[in-house]
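So you can see what is in the structure, the chains are spelled out below.
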Amino acid sequence: MRRGEVHRQTGETDIRVEVMIDGNGGYELQTGIPFFEHMLALLAKFSSFDLKIKARGDLQVDAHHTVEDVGICLGEALAKALGNKAGIRRFGHAVVPMDESLVMVALDLSGRGYLAFEVGIPASKVGDFDTELVEEFLRALAHNGRFNLHVRRLAGGNSHHIIEAVFKGLGLALGDAVAIDAGRGIPSTKGVIN
């Protein structure tokens, strides 16, 4: 089983993340940020990863440190779970509608962290959640997971729908990229992905 676990403790947060790539979309989430937990549940469900996240952060300040540090830890756990990436498809993409919204997510588990985020979420908040934290989470995830991630809004005006499509698309694209392609070896002409 491809599994990664990370514990990170700072003066701002204490985060434990466990990811099981070959799971069935189960999740146990404790972040203190309900909307974020809803999005993480979508990521688990649509990737079919089993995901356990327990996070304590300085929420009395705001959610920024907690959301970003969960992204850091999840990225690191994903990288650990993938190991040398032998046999994976490497690339994944999804175009996801959510009512009036349409979002494209494409990624390459290349060993190089990069985020291109062209989403333009209209509202600054969804409930109590600062929508700018979506980009912060994705940047931390991609850089620490060492993969290229492109996210674009193609249509839509409802911020909740847009963000939900982003996380569903991320789950679908990751699920595709980590799938095993039997007999493939390491998917790079260099013979290594790092």
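What this report covers is the structure whose coordinates are included nearby. (Residues numbered from 1 in each chain as written. Predicted model: local features only at pLDDT ≥ 70, side-chain atom pairs only at ≥ 80, totals over all residues. Heavy atoms only, no water.)

Notes on the overall build of the chain
Here's step 1: Check the secondary structure of the chain and you find 4 helices and 10 strands.
Here's step 2: Going residue by residue from the N terminus, the α and β elements of the chain occur as β-β-β-α-β-α-β-β-β-β-β-α-β-α.
Here's step 3: Since a compact globule built from 194 residues should have a radius of gyration of about 16 Å, the 16 Å found for the chain is in line with a globular shape.
Here's step 4: Viewed in the frame of its principal axes, the chain has a C-alpha envelope of about 45 × 40 × 25 Å.
Here's step 5: Expressed as a percentage of the 194 residues in the chain, the buried residues total 53%.
Here's step 6: Considering only intrachain contacts with a sequence separation of at least 6, the fraction spanning at least 24 residues in the chain is 77%.
Here's step 7: For the chain, the computed accessible surface area is about 8,700 Å², with 48% contributed by carbon and sulfur atoms.
Here's step 8: Placing the 21 positive and 25 negative side-chain charges of the chain at their respective mean positions leaves the two points 8 Å apart. (Helix = DSSP H or I, 4+ residues; strand = E, 2+ residues; numbered from the N terminus. Rg over C-alpha atoms; globule rule 2.2 N^0.38 Å. Buried < 20%, exposed > 50% of the residue type's maximum accessible area, 1.4 Å probe, protein only. Contact = heavy atoms within 4.5 Å. Areas by Shrake-Rupley, 256 points an atom, 1.4 Å probe, with all protein chains shown as cover. Lys, Arg positive; Asp, Glu negative; His and termini not counted. Charge placed at Lys NZ, Arg CZ, Asp CG, Glu CD.)

Quick word on the sheet that holds strand E10 (residues 148–155)
Here's step 1: Taken in spatial order, the 4 strands make up an open sheet running E5-E6-E10-E7, and their pairing is mixed. Here the strands that pair on one side only, and so sit at the sheet edges, are strand E5 (91–98) and strand E7 (114–118). Within this sheet the neighbouring strands show an average axis-to-axis angle of 10°, counted without direction.
Here's step 2: Of the pairings in the sheet, the one linking E5 to strand E6 (residues 101–108) comprises 8 bridges and is antiparallel in character. Each bridged residue has a counterpart across the sheet, and for phenylalanine 91 the counterpart in E6 is aspartate 108. (Pairing = 2+ DSSP bridges. Axes fitted to C-alpha atoms, helices over the stretch in contact; angles between N-to-C directions.)

Some words on the environment of phenylalanine 129
Here's step 1: Tracing the backbone shows phenylalanine 129 in strand E9 (residues 129–130).
Here's step 2: Sequence separation between phenylalanine 129 and valine 166 is 37 residues; the distance between their C-alpha atoms is 15 Å.
Here's step 3: Those residues in contact with phenylalanine 129 that sit more than four places away from it in its chain are Ile33, Phe35, Phe36, Val67, Ser124 and Val134.

A few points about the sheet that holds strand E2 (residues 13–20)
Here's step 1: One open sheet accounts for 4 strands, arranged E1-E2-E4-E3; its pairing is mixed. What marks the edges here is a single partner per strand, and that holds for strand E1 (3–9) and strand E3 (27–30). Looking at each pair of strands side by side, their axes are set apart by 5° on average, direction ignored.
Here's step 2: In terms of strand pairing, E1 meets E2 through 7 bridges, oriented antiparallel. Looking across to E2, one finds that glutamate 5 is bridged to glutamate 18.

What about the pattern of salt bridges?
Here's step 1: Evaluated as defined, the whole model comprises 11 salt bridges.
Here's step 2: Among the salt bridges present, the one from arginine 139 reaches glutamate 135, with a minimum N-O distance of 2.9 Å. Separated by 4 residues within a single helix, arginine 139 and glutamate 135 lie in helix H3 (residues 132–145), roughly one turn from each other.
Here's step 3: Taking relative accessible area as the criterion, glutamate 135 reaches 25% and is therefore assigned partly exposed. (Salt bridge = Lys/Arg side-chain N within 4 Å of Asp/Glu carboxyl O.)

Points about empty space enclosed by the protein
Here's step 1: Tallying each qualifying case throughout the model produces 1 cavity of 30 Å³ or more.
Here's step 2: The computed volume of the largest cavity comes to approximately 60 Å³.
Here's step 3: Contributing to the lining of the largest cavity are Val19, Leu43, Ala44, Ser47, Phe49, Leu51, Leu74, Leu78, Leu141 and Leu174.
Here's step 4: Among the elements of the structure, helix H1 (34–47) and helix H2 (64–82) are those that each provide at least two residues to the lining of the largest cavity.
Here's step 5: At 3 residues, the largest contribution of residues to the lining of the largest cavity is made by H1. (1 Å grid on protein atoms, 1.4 Å probe; cavity = no way out; pocket = protein on both sides within 12 Å on 5 of 7 lines; lining within 4 Å. Points joined across faces, edges and corners; volume = space filled by probe spheres on them.)

Details of the packing of aromatic side chains
The relative placement of two aromatic rings is captured by the distance of their centres and the angle of their planes.
Here's step 1: As enumerated under the stated definition, the model contains 4 aromatic pairs in all.
Here's step 2: Ring centres of phenylalanine 36 and phenylalanine 137 lie 5.4 Å apart, and the angle between their planes is 75°; on these two criteria the pair is classed as edge-to-face. With phenylalanine 36 in helix H1 and phenylalanine 137 in helix H3, this residue pair connects regions lying 101 residues apart in the sequence. Each of the two residues, phenylalanine 36 as well as phenylalanine 137, counts as buried. (Phe/Tyr/Trp six-rings, centres within 6.5 Å; stacked < 30°, edge-to-face > 60°.)

Regarding the side chain of aspartate 108
Here's step 1: With respect to the helices and strands, the residue aspartate 108 is situated in strand E6.
Here's step 2: The residues contacting aspartate 108, other than those within four sequence positions of it, are Arg90, Phe91, Phe147 and Asn148.

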